[in-house]
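A closer look at the structure
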Amino acid sequence: MTGNGRLARRFRRLSAEGRAGLVTFVTAGDPNPDISREMVCQLPTAGADIIELGMPFSDPMADGPAIQQASLRALRAGQTMARTFAQVAALRTIDTETPVVLMGYFNPIYRYGVDRFAADAATAGVDGLIVVDLPPEEHDELRLPATAAGLDLVALVAPTTDDARLPRVVGPASGFVYYVSIAGITGTASAAAADIAPAVTRIRRTTGLPIAVGFGIRTPEQTAAVAAVADAAVVGSAIVDRIAESLGPDGTPVADPVASVGEFVAALAAGARSAQRRTASGAGAE
Amino acid sequence: MTGNTETQAYPARATDGRNTFRTGPDERGHFGIFGGRYVAETLMPLILEVEQAYAEARQDPAFAAEFEYYLRHYVGRPSPLYLAERLTRRLGGARIYFKRDELNHTGAHKINNTLGQVLLARRMGKSRIIAETGAGQHGVATATVCALFGLPCEVFMGAQDIERQSPNVFRMKLLGATVRPVEAGSGTLKDAMNAALRDWVGNVEDTFYLIGTVAGPHPYPAMVRDFQTVIGREVRAQLHEAEGRLPDTLVACIGGGSNAIGLFHPFLDDPAVRMIGVEAAGRGLDTGEHCASLSAGEPGVLHGNRTYLLQDAEGQIENGHSIAAGLDYPGVGPEHAWLKDSGRVTYASVTDQEALAAFKLCARTEGILPALEPAHALAHVARIAPELPPDHLLVMNLCGRGDKDVFTVAAALGEDV
């Protein structure tokens, strides 16, 4: 792996420490902009190695109920793209090293304007982008301005991505490759650990980029199992569930969502750190 | 856009110098900047598989023969092209023909497409069909063809639509389909489409997603169009027989736009033929409660394609409103977006109240209860026909029958049924 951005530095450091990273997902502005800002700012100290921040969208086609609801909560609370950027900028006042990757769907980016989006994201301190509905067939429109602004465009690889297609998907990618470990939506089924290792090996034959694995990883134990075979484990819906559980029927907090998420992320991080690496990391490996 | 400017635009636009309007989309599924394949990577290989299978089927005379056989013997095609004489006299202008696609089996044009796609799914060896539906017409047409071929069928339908279209929900159940209520989002057609896409992502091996309109990722907009162009091809032949020439004006309602593109496409390269798509203005374009994505929306990306969408400044999708559930979709097929921008087709809009008036006009003048969707097209016909000369041939697609809408109409007219 090359590059000197935060993502590259973070994966090099993880490699040097001989462990896989924990990528934590929450939706920006969930359950409201104030709580969300506080929640994200505590993620590095709680144990997140990389922060994946969702840009809420009204129609998140690849997401299960947990993240759909998170999007709707954030939008109802008035979240906008500008607020998402402001949230990243707020994090950067206290943490300059933890990479932030924005995840979302193309339409809000397109409406914002791809050039302005890439520039404003970079200025706020964003490091990479995951755009779910932008396969390589369509991604040039965003990849070019993103690259110009110094942002990594993370590639998504699915179980349905066959060997013939794989180079086309990971070839233009930078930052890392995100392996979607199940054919399904977020927060539903979990892949069998035995299926993940060969998939990661298959992707490693095609790219030297680090490989993060997500979808269906819900517990510290599952995190540890994935951390043993991949460069990072992504946990999303299970964290978002902690937020939902701390809210009353009218959506206002009845418990402390920040503390609840913090404790859970700490447990996940312990899981990630407990893993014995079975394969070399992507950094300079193979 | 109003009917008045339409009338002034006549005679039809000349060709703008392009050789053809009929070769789209390009090999990547784009109509100009519109269309495309904006789907999650998990679905991309499936989309490519459908594209490949359809490209092969399209070249196969046996596929065409099978499609034509069922269109004729099961759907009841060709549907008549009927000269609406009393309506013509009543409006006192253009000679008005109805393309009677409401006489198809299941009462709408939807079955042309469901038949084509089910035949393709069988050819691909898929064993389970999923579909989204708004008004329930596409759901019923899908359930019907699935029953015909013994395929299990699940139809995703917004919870709110299930409530307002209960007769169609029961029809689908009678036909053996499972109706899956969608509570997410606003509980309408766009949410049903999200749910169907989510199901497809999770059942990639055995499932075929049967999209009901000319939207979605490539190849759906082109494929659904191809199955629906039987409408326009029949009109071409039938009008030639009746009048010995091409039509002057074609009018069709637009939700996603499948009946309209089916009528328009075979005529796109005949520059003398003017075409008007009619969107739902709901309670009025200035109220924000409408479904006129082309007239009042902005380009964006949803459900796999770039097109005109109802959305806010942040790119969040807004819910439309129309008295016609079949027009209640915040997007429109990408080919229509391209035809609008190219100027080849013009797009007008009609309010709920205007559509209701046209519904009543059609019932009393021609003895036909139109669906509320084509009642929008008819309302626009009623606007422009009086200004046109008596030798002007106007063809309107009467793409669905109104039996499904009698309760909605009764409620709107304040009558108990």
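Predicted model only: the values in this text are computed from it and were never measured.

1. Considering the pattern of salt bridges
- Inspection of the entire model under this criterion finds 42 salt bridges over all chains.
- Of the charged contacts, one joins R225(B) and D226(B) as a salt bridge, the two residues approaching to 3.1 Å between their closest N and O atoms.
- You can call D226(B) buried: its relative accessible area is 13%.
- Of the charged contacts in the structure, one is a salt bridge between R245(B) and D248(B), with a shortest N-O distance of 3.0 Å.
- On the basis of relative accessible area, D248(B) is assigned to the buried category, the value being 12%.
- Through salt bridges with shared partners, a single network forms among R13(A), E17(A), R19(A), D49(A) and R273(A).

2. Concerning the nonpolar core
- Among the nonpolar cores identified, the biggest contains 123 residues, and F176(A), Y178(A), L115(B), L120(B), W200(B), F208(B) and Y209(B) are the most heavily contacted of them.
- No other element matches the 8 residues that helix 9 (residues 189-202) of chain B contributes to this core.
- Once residues lying within four places of it in the same chain are set aside, the contact partners of Y209(B) are Q117(B), I130(B), A131(B), E132(B), M193(B), A196(B), L197(B), W200(B) and Y220(B).

3. Some remarks on the environment of I94(A)
Residue and element names in this part refer to chain A.
- Summarising the element assignment, I94 is placed in the loop between helix 4 (81-92) and strand 3 (100-104).
- You can call I94 exposed: its relative accessible area is 57%.
- It is 9.7 Å that separates the C-alpha atoms of I94 and Q42, two residues lying 52 residues apart in sequence.

4. Some details on the confidence of the model for chain B
- Residues of chain B with pLDDT of at least 70 account for 96%, and the chain-wide mean is 94.
- Note on residues 1-15 of chain B: pLDDT is under 50 here. Beyond four places in sequence and across chains, it has 30 contacts.

5. Brief notes about the interface of chain A and chain B
- Each partner contributes to the interface: chain A provides 37 residues, whereas chain B provides 39 residues.
- Looking at the side of chain A facing chain B, the largest losses of area belong to M61(A), R111(A) and E138(A), adding up to 22% of the total buried there.
- A salt bridge links D59(A) to K190(B), with the shortest nitrogen-to-oxygen separation between them at 2.9 Å.
- When residues of the side of chain A that touches chain B are traced back to their parent elements, those giving at least two are helix 3 (65-76), helix 5 (106-112) and strand 6 (155-157) of chain A.
- If you tally residues by element for the side of chain A that touches chain B, the top one is helix 5 of chain A, at 5 residues.
- For the side of chain A that touches chain B, the per-class residue count stands at 22 nonpolar, 7 polar and 8 charged.

6. Considerations on the side chain of S258(B)
Residues and elements named next belong to chain B.
- Take S258: it is sitting in helix 12 (residues 258-264).
- A relative accessible area of 3% means that S258 is categorised as buried.
- A distance of 2.9 Å separates the side chain of S258 from the side chain of H109, its partner in a polar contact.
- Not counting residues within four places of it along the chain, the set of residues in contact with S258 comprises H109, K110, G212, T213, V214, V224 and Q228.

7. What to know about the pairing of strand 2 (residues 50-54) of chain A
Residues and elements named next belong to chain A.
- Within strand 2, 5 of the 5 residues are buried, which leaves the element mostly enclosed by the surrounding structure.
- Residues of strand 2 alternate between two faces, with I50, E52 and G54 on one and I51 and L53 on the opposite face, all of them buried.
- Handedness of the strand 1 (residues 21-27)-helix 2 (residues 33-46)-strand 2 crossover: right-handed.
- As defined by bridge partners, strand 2 adjoins strand 3 across 4 bridges and the pair is classed as parallel. Among the inter-strand pairings, E52 is bridged to a residue of strand 3, identified as V101.

Reading the values: rules and limits
Residues numbered from 1 in each chain as written. Chains lettered and ligands numbered in written order. Predicted model: local features only at pLDDT ≥ 70, side-chain atom pairs only at ≥ 80, totals over all residues. Heavy atoms only, no water. Salt bridge = Lys/Arg side-chain N within 4 Å of Asp/Glu carboxyl O. Buried < 20%, exposed > 50% of the residue type's maximum accessible area, 1.4 Å probe, protein only. Core = buried A, V, L, I, M, F, W, Y, C linked by side-chain atoms within 4.5 Å. Helix = DSSP H or I, 4+ residues; strand = E, 2+ residues; numbered from the N terminus. Contact = heavy atoms within 4.5 Å. pLDDT = per-residue confidence, 0-100. Buried area = accessible area lost by both parts, 1.4 Å probe. Nonpolar A, V, L, I, M, F, W, Y, C, P; charged D, E, K, R; others polar. Polar contact = N/O pair within 3.5 Å; in protein donor to acceptor, adjacent residues only side chain to side chain. Right-handed = clockwise from strand over helix to strand, strands pointing away. Pairing = 2+ DSSP bridges.

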